[in-house]
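What follows is each chain in one-letter form.
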Amino acid sequence: MAKIIPQATILEKYFVTSTLPTQWCPGCGAGGIGHAVLQAIERMQLDPKKVVLVSGIGCNGHFTRHLRLDDLHVLHGRAPAVATGLKMARPDLEIIVIQGDGDAASIGGNHLIHAARRNIGITTIVSNNYIYGRTGGQYSPTTPKKSISTSSPFGLEDPPFELCNLMVGAGATFVARGTSYHIIQLIDLVERAIKHPGFAFLEVIAPCPTSYGRKNPETGITGPQMLQWQKENSVSIKKAAHMSEESLRGKIVTGILLDRIEPEYSAAYAKVRQRAQKGGLA
Amino acid sequence: MTTEIRLSGSGGQGLLFIGRILAEAAGVFEGKNAVQSTSYGGQVRGGSSRSDVLISPAEEEIDFPEVMDADLLLAMNQEAADEYGGKVKQSGVVILDTTFVKQPPKTRGRIIAYPFTLKTKERLGSALPTNVVVLAVISQIGALVGKEALVRAIKKRSPKGKDEINLQALNLGFELVKTGVLQRDGDDERELH
Amino acid sequence: MSREGLLLQGNEAVSEGAIAAGVRFFAGYPITPATEISEVMARRMPELGGTFLQMEDEIASISAVLGASCGGVKAMTASSGPGLALKAEGIGYAVCAEIPCLIVNVQRTGPGVGSVTPSQQDVMQAKWGPNSDNMIISLSPASIKECFWLAIRGVNLSEKYRVPVILLSDSFLGHMSEKIDLPSPEEIETMDRPRPTVAPEKYKAYDADINGVPPLANFGEGYAVRLVGNMHNKAGDYSRNPRDFDFLINRLHNKILTNLADICAYEEVEIDGADLVIVAYGIVSRAAKAAIRLAKNQGMRVGLFRPIVLWPFPTERLAEIGKKVGGILVAEMNMGQVIREVERTTRGEVPVAGLNRIDGLLINPLDILAKLKEMG
């Protein structure tokens, strides 16, 4: 297992401290995910000049606003499309997209699946806390059935998206899932996702005690309780391989679910340029 | 003086193509001013089609880009003939393809009627390049543009492998004018207005 | 200088102009009557080492353009009214985040899906399409030559002022062909976004005085460029401070409004001594010119005022003209959009009449002539 870099080092190197404190509630998952991203960047010794964060609307997107890195804090759901344009224009950049479940799976769902289909070389990290936190706790496309939220006061009947399966179906070449509780594993997953040459998708199951936990106590009410629930309900992909469908129901399967190599889109497009410059189809 | 040419008929008759050829020949290869415009809609999938070309001497800008009263009207179907026949100058010429136009329209202009599509098929084995035959005829009758410029524009704009047949069609059009066959065959319709 | 002229369609000329201005990134979504721009760019961008992307929708197209522009590559998209309705979000974002880009609207007819015939019905959409107060620049070409040159001007203005520029073509102009003599590259002035003059660690993406355009560093250069479409302070920090809101929204307006002499452009024809003046823009201005000829033959003295830059509107000059003439006729292919600006500008000091056409056909010179006669 790789080492953990002291928090002070991360803070000093990456944060615009005048922007602190953050606006997150106690127990929020966003800070931990952000920390894992920075740990991975630092551990990989990426050149900070070449790292660009593209973040969406919502609590999670706010993380990037505190950093001394190139950052585009974009419109709701559009981050994968913006990142696609940027990567095509500047393939030299390492682009990390930070989204929440509402941003990625709902208003930006179309952009997410097409970024996956193209296999554009960006890393998309989606914090899935089952809720629209920033707007006050409405249900999202990943909210479990029967959940109580401010927009499902009588319990939700919408079936949720299973985001990782969606990404596999859309053609993503790297799909992984982690949790806020398994922070060491999460750093590793972020690192693997960044290293992946094509479109890398990482779902992080994250707690939102304020908007989800308080109304849905079965997965924990406070932040620590929700992390405890994650711990008790997670199964690694290795273990899951030997478990029945029945026993996997309701479990969070963590780890790298898919990892395959296909031509990365910005690199593949270089061939289009070559053919165009030679004056025709090869 | 701006010469106003309206090419009208059905989608698929290649009127947009010859409109562009004419504008390119006059504008680019003979240094005049030329504007070509298209009535939008049916030309992609059939239906009516219209292509206007305006040509003026180099020193004279073309302002309004559509034909108001045509100096030359080509009508390749009945509908077009009926619709545009009335919008022709007194001194104008109406060219009808009698393969499709059975009733000469009401018009102030002089009518030249000839079964262009039928004759093109007879002479060249295909009706497809009828548009280019007509282009040659119009260019001659209106003294719009020389043959050399037309040849250059056709070579530039013809799809791959089609320039040869198009050049044959151009020659056929020139021949029709030169031999006077158009005027003879058109006699019947001349005095209709 | 000997060079061969070309016969180009409006849509082709816009594409070539943008390329000449340095555009090397195009993202679009198929929509008639703008598709030829995509088709030209699908060939030309990779030929030139640039990028063409057909995105999953209109919103994605403008989003990708914004991403590319942040990377320092001049970028554009093209669409028509219904597509612009979707792109409005991204355009508003570009206004606030101050990201240069060119957006072409090849206007079509009617609300909803409408039809693909020409119109000028998106003039107000260009100005007010996105939410809230926006200050954009919008250009209105009237010929193929202008399609080319205004595409260049549009890219240049967007870079110089860090603002989205909307080029308002229409489906007639887009498909009309005219001869154009393409200039050689050295005859074309291109402009780039203002570059930072401070050390990277001192850089702030929105650091300018109340009338200023902040320098823009590109991503990947070590400036930690933090761009944002939320209300923000000079550093690009998310702000809830009313003073920041006030400063920012004022500055976004002022950077354009204090530079009208540089930005505004219009054409005047026989304004001196005219009894009546036609205000017309884009393709309609050509019918107006023909109408002026016809009117002259009948002893009338009619002039033309043609805004080439529609937004910001050339208020100052038109107000002067309004004081000198007996009446203004605003001819436009919509239900009366620019006429509202003309009325606001002339403040009731001169009679203003409208001639409108919304059936997808061009306003004819004879229609204008008849209206002029009516106005006396």
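Residues numbered from 1 in each chain as written. Chains lettered and ligands numbered in written order. Predicted model: local features only at pLDDT ≥ 70, side-chain atom pairs only at ≥ 80, totals over all residues.

Next up on the list: the overall build of chain B. Regarding its fold elements, chain B presents seven helices and six strands. From first element to last, N terminus to C terminus, chain B shows the α and β order β-α-β-β-β-α-β-β-α-α-α-α-α. Compactness check: chain B gives a C-alpha radius of gyration of 15 Å against a globular reference of 16 Å for 193 residues, within 12% of the reference. Expressed as lengths along the three principal axes of its C-alpha atoms, the size of chain B is roughly 40 × 40 × 35 Å. (Helix = DSSP H or I, 4+ residues; strand = E, 2+ residues; numbered from the N terminus. Rg over C-alpha atoms; globule rule 2.2 N^0.38 Å.)

This brings us to the sheet that holds strand E16 (residues 352–356) of chain C. All names here are of chain C. With mixed pairing, five strands are arranged side by side in an open sheet as E11-E13-E12-E15-E16. The open sheet has two free edges, formed respectively by strand E11 (266–269) and E16, since each of these has just one partner strand. For this sheet, the mean angle separating the axes of adjacent strands, direction not counted, is 20°. (Pairing = 2+ DSSP bridges. Axes fitted to C-alpha atoms, helices over the stretch in contact; angles between N-to-C directions.)

Counting residues at the interface gives 33 residues for chain A, matched by 38 residues for chain C. Tallying contributions element by element places helix H3 (residues 79–89) of chain A first for the side of chain A that touches chain C, with eight residues. In terms of residue class, the side of chain A that touches chain C is built from 15 nonpolar, eight polar and ten charged. The sheet contact formed by strand E2 (residues 70–73) of chain A and strand E10 (residues 226–228) of chain C spans three bridges and is parallel. Counted as the bridge partner of Leu72 of chain A is Leu227 of chain C from E10 of chain C. (Contact = placed C-beta atoms within 7 Å. Nonpolar A, V, L, I, M, F, W, Y, C, P; charged D, E, K, R; others polar.)

This next bit is on the interface of chain B and chain C. Contacts between the two partners involve 18 residues from chain B, matched on the other side by 20 residues from chain C. Put simply, the parts of the chain that give the side of chain B that touches chain C at least two residues each are helix H1 (15–29) and strand E2 (33–38) of chain B. The dominant element in the side of chain B that touches chain C, judged by the number of residues it contributes, is E2 of chain B, at six residues. Residues of the side of chain B that touches chain C, tallied by class, amount to eight nonpolar, six polar and four charged. Here E2 of chain B runs beside strand E9 (residues 177–180) of chain C; their pairing, made up of two bridges, is antiparallel.

Residues and elements named next belong to chain C. Each assigned domain of chain C is listed here: domain 1 (6–187) and domain 2 (266–375). One C-alpha centre belongs to domain 1, the other to domain 2, and the line joining them spans 26 Å. Contact residues are listed per partner, giving 22 residues for domain 1 and 20 residues for domain 2. Listing elements by their share of the side of domain 1 that touches domain 2, those giving two or more residues are strand E6 (115–118), helix H5 (123–128), strand E7 (137–139), strand E8 (164–170) and helix H7 (171–175). Per-class residue counts for the side of domain 1 that touches domain 2 are twelve nonpolar, eight polar and two charged. (Domains from an automatic or database assignment.)

This brings us to unusual backbone geometry. Pro21 of chain A follows Leu20 of chain A through a cis peptide bond whose omega is 5°. Counting through the fold element by element, Pro21 of chain A comes out in the loop between helix H1 (7–14) and helix H2 (30–43). A cis amide bond links Trp311 of chain C with the next residue in sequence, Pro312 of chain C, at an omega value of 0°. As for its placement among the helices and strands, Pro312 of chain C is situated in the loop between strand E14 (309–311) and helix H11 (315–324). In this model, Ser132 of chain C sits at a positive phi of 70°, which is unusual for a non-glycine residue. One can find Ser132 of chain C in the loop between H5 and E7.

All names here are of chain A. Look at H1 against H2: their axes get within 11 Å of each other, and the N-to-C directions meet at 85°. Viewed along their axes, H1 and H2 adopt a mutual orientation that is roughly perpendicular. Side by side, H1 and H2 meet where Ile10, Lys13 and Tyr14 of the first sit next to His35, Leu38, Gln39 and Glu42 of the second. Among the residues making up the contact of H1 with H2, the classes are represented as three nonpolar, two polar and two charged. (Parallel < 35°, antiparallel > 145°, perpendicular 65-115°, else oblique.)

It is worth spelling out the pairing of strand E4 (residues 123–128) of chain A at this point. Residue and element names in this part refer to chain A. Within E4, six of the six residues are buried, which leaves it mostly tucked inside the rest of the structure. A two-sided burial pattern is seen for E4, the buried positions comprising Thr123, Ile125 and Ser127 on one face and Thr124, Val126 and Asn128 on the other. Bridge analysis of strand E3 (residues 94–100) against E4 gives five bridges, and the strand direction is parallel. Bridge pairing links Ile96 to Thr123 in E4. Where E4 lies against strand E8 (residues 200–205), six bridges are found, and the strand directions are parallel. Across the sheet, the residue bridging to Thr123 is Ala200, located in E8. (Buried ≥ 20, exposed ≤ 12 C-beta atoms within 10 Å, placed from the backbone.)

What follows covers the sheet that holds E2 of chain A. Taken in spatial order, the nine strands make up an open sheet running E9(A)-E10(A)-E7(A)-E8(A)-E4(A)-E3(A)-E1(A)-E2(A)-E10(C), and their pairing is mixed. One side of each edge strand has no neighbouring strand; the edge strands of this open sheet are strand E9 (234–236) of chain A together with E10 of chain C. When the angles between neighbouring strand axes are averaged without regard to direction, this sheet yields 20°. The pairing of strand E1 (residues 51–55) of chain A with E2 of chain A spans four bridges and is parallel. Paired with Leu53 of chain A across the strands is Asp71 of chain A, a residue of E2 of chain A. Relative to E4 of chain A, H2 of chain A is tilted by about 155°, and along the sheet it contacts E1, E3, E4 and E8 of chain A.

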